[in-house]
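# Descriptive analysis of the structure
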Amino acid sequence: MTIDPTADQRVADAVDQLLEQYPPSATEPKTFWGAQFDTGLAWVDFPEGNGGLGVSPKYREYVSRRLEEAGAPTWNRSANILGIGMGAGVLAAHGTNDQRARWLRPMFTMDEIWCQLFSEPGAGSDVAGLATRAVRDGDEWVINGQKVWTTLAHLAKWGLLVARSDPDQPKHRGLTYFVVDMESPGVDVRPLYQITGEAEFNEVFFDDARIPDDQRIDDVGAGWRVAMTTLMNERVAIGGNTVPRSSGSIGRAMDVWKDSGSGDPATRRELVRLWAEVEAMRLTTLRATENMKSGTPGPEGSTGKLAWADLNKEVTAFTVSMLGMDGATIPEGYALEATSYETREVERVMSVQRHFLRARANSIEGGTSEIMRNILGERILGLPGEPRVDKDMPWKEVPRG
């Protein structure tokens, strides 16, 4: 890749300026994130004024590494992953200038949490088959329907919503995309408790909820195109983040092995094997990030998501196995509770047992591993797609159980 020395210097100078004026050790996280956005270091490839510097996305890794080394707070990216990891890319690719100016900065500073309203009880893997209706009423849209498995909906101010605006069109062409105020009348959020005891997910009911037309993203009927941008960013956010070496689940495994004082060569050999696989994936992800030519990822993001899901489950299971019988209990106790900002922020201090339980969902959330394999087969390898008899049929005529 051609190196632009001017861009190199601009990005380096921006990081130096940020760290000098806002020392991480002496700056509150939200203040730091606001300054990071204003300096153009939230998403360096975004336009100036929108949290970026208008440079290549390859500089994202450089900025992340410099900020990590300086001890800067970065947990906003995981705590508000639906916004920063997905919504930002949608606004950059499909939003208006006014929408970007309104939503990007408070999204990055964690002043406004976001969620994603795609899956429904009858439309999971086949998202395009969704039934939630959007009917235009003057300068507003009236929404009725139900969404499910909505992460952080109970904390969210804004939601990324795709709804059916024209049932006479085939399912992919009758969708429109909106940003909905989760605190508006007609929006009912109900928690769904998972195996960890937390209610990180929710079901959401819309009963004549109203959305102003200026909160519509892209054209009427362009919802599927915008949804694809969301999903591509989602898979990168889940499986495509570059992290420091020996961090995350493999770092916890190493800590457990060191604390155990085990000299078992078989255990050590398995730990080394897993560490090598995690490191190979980290380097592959880093290379893919540096090779990006634009800020909108392609189907290749599904590769990292698929590999990470299986590998993370394997690592967490191995870690729990090293605990012996202690692995059967959760040190912090087990209680049904809604996920809070704090649990999102300090996820790394959760017990390895709870991490093991949470990892079971990795191959389901953000697109199942089966769907990821279909995407890779069809869009990267060029294999024939599965038969789709309802592709050109008006949605209202598609049989539904």
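Preceding block: the structure.
Everything numeric in this text was worked out from a predicted model, so none of it was measured.

### Quick notes on the pattern of salt bridges
Tallying each qualifying case throughout the model produces 28 salt bridges. The closest approach of N and O atoms between K157 and E183, which form a salt bridge, is 3.3 Å. With K157 in the loop between β3 (140-147) and β4 (158-164) and E183 in the loop between β5 (175-181) and β6 (187-192), the pair connects residues that are 26 residues apart, well separated along the chain. For E183, a relative accessible area of 58% gives the class exposed. When salt bridges that share partners are traced, they join E270, R273, E277 and E314 into one network.

### A closer look at a nonpolar patch on the surface
On the surface, Y193, Y334 and L336 cluster together into a nonpolar patch covering about 360 Å² of accessible area. Its location among the elements puts Y193 in the loop between β6 and β7 (198-199).

### A look at unusual backbone geometry
Trans is the common state for peptide bonds, and a negative phi is the common state for residues other than glycine. Positioned with a positive phi, L152 is a non-glycine residue whose angle comes to about 65°. Judged by its relative accessible area of 1%, L152 falls in the buried class. The backbone phi angle of D218 is positive, close to 70°, even though this residue is not glycine. The residue D218 is located in the loop between β9 (216-217) and α7 (223-239) in this model.

### What to know about the packing of aromatic side chains
What the rule picks out here adds up to 10 aromatic pairs. Taking the centre distance of 4.9 Å and the plane angle of 80° together, the rings of W33 and W75 count as edge-to-face. Of this pair, W33 sits in helix α2 (residues 29-39) while W75 sits in the loop between α3 (59-69) and α4 (76-79), and the two are 42 residues apart along the sequence. Residue classification places W33 among the buried positions, given a relative accessible area of 0%. You can call W75 buried: its relative accessible area is 19%. Measuring from ring centre to ring centre gives 6.4 Å for W114 and W158, while their planes differ by 40°; the resulting arrangement is tilted. Note that W114 is positioned in strand β1 (residues 114-117) and W158 in strand β4, a separation of 44 residues in sequence. The side chain of K157 reaches across the aromatic face of W158, ending 5.1 Å from its centre. The side chain of R190 reaches across the aromatic face of F205, ending 4.1 Å from its centre.

### A closer look at the side chain of S249
Within the fold, S249 resides in helix α8 (residues 248-260). For S249, a relative accessible area of 13% puts it in the buried group. If we skip the residues at most four places from it in the chain, S249 touches N312, V315, T316 and T319.

### What to know about the side chain of H94
As for its position among the elements, H94 is in helix α5 (residues 81-94). For H94, a relative accessible area of 15% gives the class buried. A distance of 2.8 Å separates polar atoms of two side chains, one belonging to H94 and the other to T229.

### Structural notes on α3
One full turn of an α-helix is made of 3.6 residues, so residues set three or four places apart face in the same direction. Buried within α3 we find Y59, E61, V63, R66 and L67. Positive phi appears at G71, one or two residues downstream of α3, with a value of about 80°.

Cut-offs used in this document
Residues numbered from 1 in each chain as written. Predicted model: local features only at pLDDT ≥ 70, side-chain atom pairs only at ≥ 80, totals over all residues. Heavy atoms only, no water. Salt bridge = Lys/Arg side-chain N within 4 Å of Asp/Glu carboxyl O. Helix = DSSP H or I, 4+ residues; strand = E, 2+ residues; numbered from the N terminus. Buried < 20%, exposed > 50% of the residue type's maximum accessible area, 1.4 Å probe, protein only. Patch = residues over 30% accessible without salt bridge, like charges linked within 9 Å, V, L, I, M, F, W, Y side chains within 5 Å. Areas by Shrake-Rupley, 256 points an atom, 1.4 Å probe, with all protein chains shown as cover. Phe/Tyr/Trp six-rings, centres within 6.5 Å; stacked < 30°, edge-to-face > 60°. Lys NZ or Arg CZ within 6 Å of the ring centre and 35° of its normal. Contact = heavy atoms within 4.5 Å. Polar contact = N/O pair within 3.5 Å; in protein donor to acceptor, adjacent residues only side chain to side chain.

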